[in-house]
Amino acid sequence: MDQRARRAARLLPGWLCVLAVILPAAPAAAAPAPAAAPRPVVFVHGYNADPGVWGAMREDFRAAGYGEDDLYSFGYDTSRSVNEDLAGQLAAHVAQIRARTGADRVDLVAHSFGSLVTRWYVKFGGGAPAVAHWVSLGGPNHGTTTAWACALWSQACRDMTPGSYVTDRLAQGDETPGPVAYATWASSCDEVINPDASVPLTGAANAGAGCLAHNDLLGDDTVSRGVRDFLTATP
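So, a few notes on the structure that sits alongside this text. (Residues numbered from 1 in each chain as written. Predicted model: local features only at pLDDT ≥ 70, side-chain atom pairs only at ≥ 80, totals over all residues. Heavy atoms only, no water.)

1. Examining the state of the cysteines
Here is step 1 of the chain: Following the criterion strictly, the structure yields 2 disulfides and no others.
Here is step 2 of the chain: Here cysteine 189 is linked by a disulfide to cysteine 211, with a sulfur-sulfur distance of 1.7 Å. Disulfide cysteine 189-cysteine 211: the torsion about the S-S bond is -110 degrees, which places it as left-handed. Note that cysteine 189 is positioned in the loop between β5 (181–186) and β6 (205–208) and cysteine 211 in the loop between β6 and α7 (221–233), a separation of 22 residues in sequence.
Here is step 3 of the chain: The class for cysteine 211 is exposed, based on a relative accessible area of 56%. (Disulfide = S-S within 2.5 Å. Helix = DSSP H or I, 4+ residues; strand = E, 2+ residues; numbered from the N terminus. Buried < 20%, exposed > 50% of the residue type's maximum accessible area, 1.4 Å probe, protein only.)

Below is the structure:
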């Protein structure tokens, strides 16, 4: 090795140290953004039922990453009227959940008669600013003729009849008002909702659930997955 080569070999470690100081370090890989906390979901059962009907769907939501503190049920006396009593009770329930969780809005998932209770709250009860998503499973949104069978003794059944004060008022003007995302699921074999066309709303994402019995909408895996996708697909 000649003199110049030996001199370069002696200087190389020093130059490497200098380069290590003056050259910027490679940026570290960005940490993945934490998953957003789920918005509280309030399940609202139908006529002559109770919060226990949501057991299968709540389990699906937990398996998908929702915590027990993200899932709520509204239990109520289904013999009461939608507009005079139940929508107001739901408003108080939602206010309590928002205060407890700090959430600005909740998602509502309703079955059957619960669809009328939740719609009245959103449209006429001041609920639109507090609700991000509204879902109806087999809701008698335009009335169902089967409700005449119990209308003589049940206010809720009278509310569900075609042409009732409740169904007529909810159909007036915008059926899907406010900054709320709306969706419905209807079955072609629903023995409670007649006609099937009662379920869809103008302005909502209206989905078919295939041939399911009325209460089977509550436990169907495809419907459950569709509901979760709808709640999480839009802000």
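2. A look at the sheet that holds strand β4 (residues 131–137)
Here is step 1 of the chain: With respect to topology, 6 strands assemble into an open sheet ordered β2-β1-β3-β4-β5-β6, the strand pairing being parallel. This sheet does not close on itself; its edge strands, each paired only once, are β2 (71–74) and β6. Going across the sheet, the axis of each strand differs from the next one's by a mean of 20 degrees, ignoring polarity.
Here is step 2 of the chain: Pairing geometry for strand β3 (residues 106–111) and β4, over 6 bridges, is parallel. For valine 109, the partnering residue across the bridge sits in β4 and is valine 135.
Here is step 3 of the chain: Across the face of the sheet, helix α2 (residues 55–63) comes into contact with β1 (41–44), β2, β3 and β4 while running at roughly 160 degrees to β2.
Here is step 4 of the chain: Contacts between α7 and the sheet are confined to β1, β3, β4, β5 and β6, with β4 contributing the most and set at about 160 degrees to the helix. (Pairing = 2+ DSSP bridges. Axes fitted to C-alpha atoms, helices over the stretch in contact; angles between N-to-C directions. Contact = heavy atoms within 4.5 Å.)

3. A few points about unusual backbone geometry
Here is step 1 of the chain: In the segment running from asparagine 194 into proline 195, the intervening peptide bond is cis, with an omega of 5 degrees.
Here is step 2 of the chain: Considering the arrangement of structural elements, one finds proline 195 in the loop between β5 and β6.
Here is step 3 of the chain: Of note in the backbone geometry, asparagine 48 takes a positive phi value of approximately 55 degrees without being a glycine.
Here is step 4 of the chain: Along the polypeptide, asparagine 48 turns up in the loop between β1 and α2.
Here is step 5 of the chain: Of the residues examined, asparagine 48 reaches a relative accessible area of 66% and is grouped as exposed.

4. Quick notes on the packing of aromatic side chains
Aromatic ring pairs are described here by two measures, namely the spacing of the ring centres and the angle between the planes.
Here is step 1 of the chain: Throughout the structure, instances matching the rule amount to 8 aromatic pairs.
Here is step 2 of the chain: Where tryptophan 120 meets phenylalanine 124, the ring centres are 4.6 Å apart and the plane angle is 55 degrees; that geometry is what we call tilted. Of this pair, tryptophan 120 and phenylalanine 124 both sit in helix α4 (residues 114–124), 4 residues apart, which is roughly one turn of the helix.
Here is step 3 of the chain: Residue tryptophan 120 is classed as buried on the basis of its relative accessible area, which comes to 7%.
Here is step 4 of the chain: Taken together, the ring pairs connect Phe43, Trp54, Phe61 and Tyr66 into an aromatic cluster.
Here is step 5 of the chain: The side chain of arginine 169 reaches across the aromatic face of phenylalanine 124, ending 4.4 Å from its centre. (Phe/Tyr/Trp six-rings, centres within 6.5 Å; stacked < 30°, edge-to-face > 60°. Lys NZ or Arg CZ within 6 Å of the ring centre and 35° of its normal.)

5. Structural notes on the environment of glycine 138
Here is step 1 of the chain: If you trace the backbone, glycine 138 turns up in the loop between β4 and α5 (155–160).
Here is step 2 of the chain: For glycine 138 and proline 200, which are 62 residues apart along the polypeptide, the C-alpha to C-alpha distance reads 9.1 Å.
Here is step 3 of the chain: Those residues in contact with glycine 138, other than ones at most four positions away along the chain, are Ser112, Trp185, Asp190, Ile193, Val199, His214 and Leu217.

6. Remarks on the pairing of β3
Here is step 1 of the chain: Burial analysis of β3 places 6 of its 6 residues in the buried class, which makes it a mostly covered element.
Here is step 2 of the chain: What you see with β3 is no split at all: Val106, Leu108 and Ala110 on one side and Asp107, Val109 and His111 on the other are buried throughout.
Here is step 3 of the chain: Alignment of β1 against β3, held across 4 bridges, turns out to be parallel. Looking at the pairing, valine 44 lines up with alanine 110 of β3.
Here is step 4 of the chain: Between the parallel elements β3 and β4, the chain passes through α4 in a crossover that is right-handed. (Right-handed = clockwise from strand over helix to strand, strands pointing away.)

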